[in-house]
Amino acid sequence: MLKVRLTASLPVINAMGKWLTSEIRNVLPKSQIGKAMAYSLKRWDQLMAYLNDGHLNIDNNLVENAIRPVALGRKNYLFAGTHDAAQRAAMIYSFFAICKKHDVNPYAWLKHTLQHINTIQYKNLTDLYPQNFNKLVQG
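Residues numbered from 1 in each chain as written. Predicted model: local features only at pLDDT ≥ 70, side-chain atom pairs only at ≥ 80, totals over all residues. Heavy atoms only, no water.

Engineer: Can you walk me through the layout of surface pockets in this structure?
Structural biologist: With a probe scaled to a water molecule rolled over the atoms, the places where space remains empty come into view. What the largest pocket holds in volume is close to 300 Å³. Lining the largest pocket are 14 residues, and of these Y39, R43, Q46, L47 and I58 lie nearest its centre. At the level of secondary structure, the elements contributing two or more residues to the lining of the largest pocket comprise α1 (2-23), α2 (32-42) and α3 (44-52). The element best represented in the lining of the largest pocket is α3, accounting for four residues. For the lining of the largest pocket, the per-class residue count stands at eight nonpolar, four polar and two charged. Taken as a whole, the second largest pocket encloses approximately 250 Å³ of empty space. Lining the second largest pocket are 11 residues, with A66, P69, V70, Y93 and A97 sitting closest to its centre. Listing elements by their share of the lining of the second largest pocket, those giving two or more residues are α4 (61-77) and α5 (83-101). Here the element with the most residues in the lining of the second largest pocket is α5; it accounts for six residues. (1 Å grid on protein atoms, 1.4 Å probe; cavity = no way out; pocket = protein on both sides within 12 Å on 5 of 7 lines; lining within 4 Å. Points joined across faces, edges and corners; volume = space filled by probe spheres on them. Helix = DSSP H or I, 4+ residues; strand = E, 2+ residues; numbered from the N terminus. Nonpolar A, V, L, I, M, F, W, Y, C, P; charged D, E, K, R; others polar.)

Structural data, given as structure tokens:
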């Protein structure tokens, strides 16, 4: 990955840096493009880190996609009716999010948990967490 970045991405990023440096003088600093160019140049060293570490992504799309449901949920909580209803909705969103994160079917987890909750010892209660479900069922 690192080799590909240095051979394919480095020339593109270098050309973009040269273009930004020369063109920033031709735009108004307070304009939207001027602000965008200044923002990019101010963070140029951080962008260059992408070239030296094959584990870094050039963008933050994965994080943006992961937190989008949280942002949408936050807006939905405003219309939950009451504070208690909003808290319950948040708990449900959190439950589904953790199931999704750990590739757990929420219905299968809930069914299994309700069937086994009476037999579990208190010290093993964490075995019922969604993140432990797949290993519990398979093991």
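Having seen it, we continue.
Engineer: Would you explain the packing of aromatic side chains in this entry?
Structural biologist: A ring pair, where both rings are aromatic, is described by two values, the distance of the centres and the angle of the planes. In total, this model carries two aromatic pairs according to the counting rule given. Judged by centre distance (5.0 Å) and plane angle (50°), the ring pair of F95 and W109 falls under tilted. Of the two residues, F95 is situated in helix α5 and W109 in helix α6 (residues 106-116); the sequence distance between them amounts to 14 residues. Ring pairing ties together the aromatic residues F95, F96 and W109, which thus form one cluster. (Phe/Tyr/Trp six-rings, centres within 6.5 Å; stacked < 30°, edge-to-face > 60°.)

Engineer: Would you take a moment to explain the confidence of the model for the protein chain for this structure?
Structural biologist: Predicted coordinates in areas of low pLDDT are best not read in detail. When pLDDT is averaged along the protein chain, the result is 86, and 96% of the positions lie at 70 or above. The least confident element of the protein chain is helix α7 (residues 133-138), whose mean pLDDT is 72; the most confident is α2, at 96. (pLDDT = per-residue confidence, 0-100.)

Engineer: Can you walk me through the nonpolar core in this structure?
Structural biologist: One recurring pattern in soluble globular proteins is that nonpolar side chains are buried together. Residues I13, L20, M37, W44, Y50 and L51 constitute the largest nonpolar core, which totals six residues. Every element with two or more residues in this core is listed here: α1 and α3. It is α3 that contributes the most residues to this core, three residues altogether. The contact partners of I13, leaving out residues within four places of it in the chain, are W44, L47, M48, Y50, L51 and I58. (Core = buried A, V, L, I, M, F, W, Y, C linked by side-chain atoms within 4.5 Å. Buried < 20%, exposed > 50% of the residue type's maximum accessible area, 1.4 Å probe, protein only. Contact = heavy atoms within 4.5 Å.)

Engineer: Looking at this structure, I do not really get the environment of P106. What am I missing?
Structural biologist: Take P106: it is sitting in helix α6. Sequence separation between P106 and F95 is 11 residues; the distance between their C-alpha atoms is 8.2 Å. When residues no more than four places from it in sequence are discounted, the contact partners of P106 are F95, F96 and C99.

Engineer: Would you explain α5 in this entry?
Structural biologist: Because each turn of an α-helix spans 3.6 residues, side chains separated by three or four positions end up pointing in the same direction. The first and last C-alpha atoms of α5 sit 27 Å apart over 19 residues, in line with the 27 Å expected at 1.5 Å per residue. Listing the buried residues of α5 in full gives A85, A86 and C99. Each buried residue of α5 sits inside an arc of 150° when the element is viewed along its axis, so together they form one side. Residues of α5 that are exposed and angled more than 90 degrees away from the buried face: H83, M91 and K101. (Expected span 1.5 Å × (residues − 1). Arc of directions from axis to C-beta.)

Engineer: Is there a simple way to think about the packing of α1 against α2 in this case?
Structural biologist: The description of two packed helices rests on the angle between their axes and on the distance between the axes. Running from amino to carboxyl end, α1 crosses α2 at an angle of 130°, the nearest separation of the two axes being 10 Å. For the element pair α1 / α2, the angle class is oblique. For the element pair α1 and α2, the recorded crossing hand is left-handed. Residue-level contacts link W19, L20, T21 and E23 of α1 to M37, S40 and L41 of α2. (Axes fitted to C-alpha atoms, helices over the stretch in contact; angles between N-to-C directions. Parallel < 35°, antiparallel > 145°, perpendicular 65-115°, else oblique. Left-handed = near helix turned anticlockwise from the far one by under 90°.)

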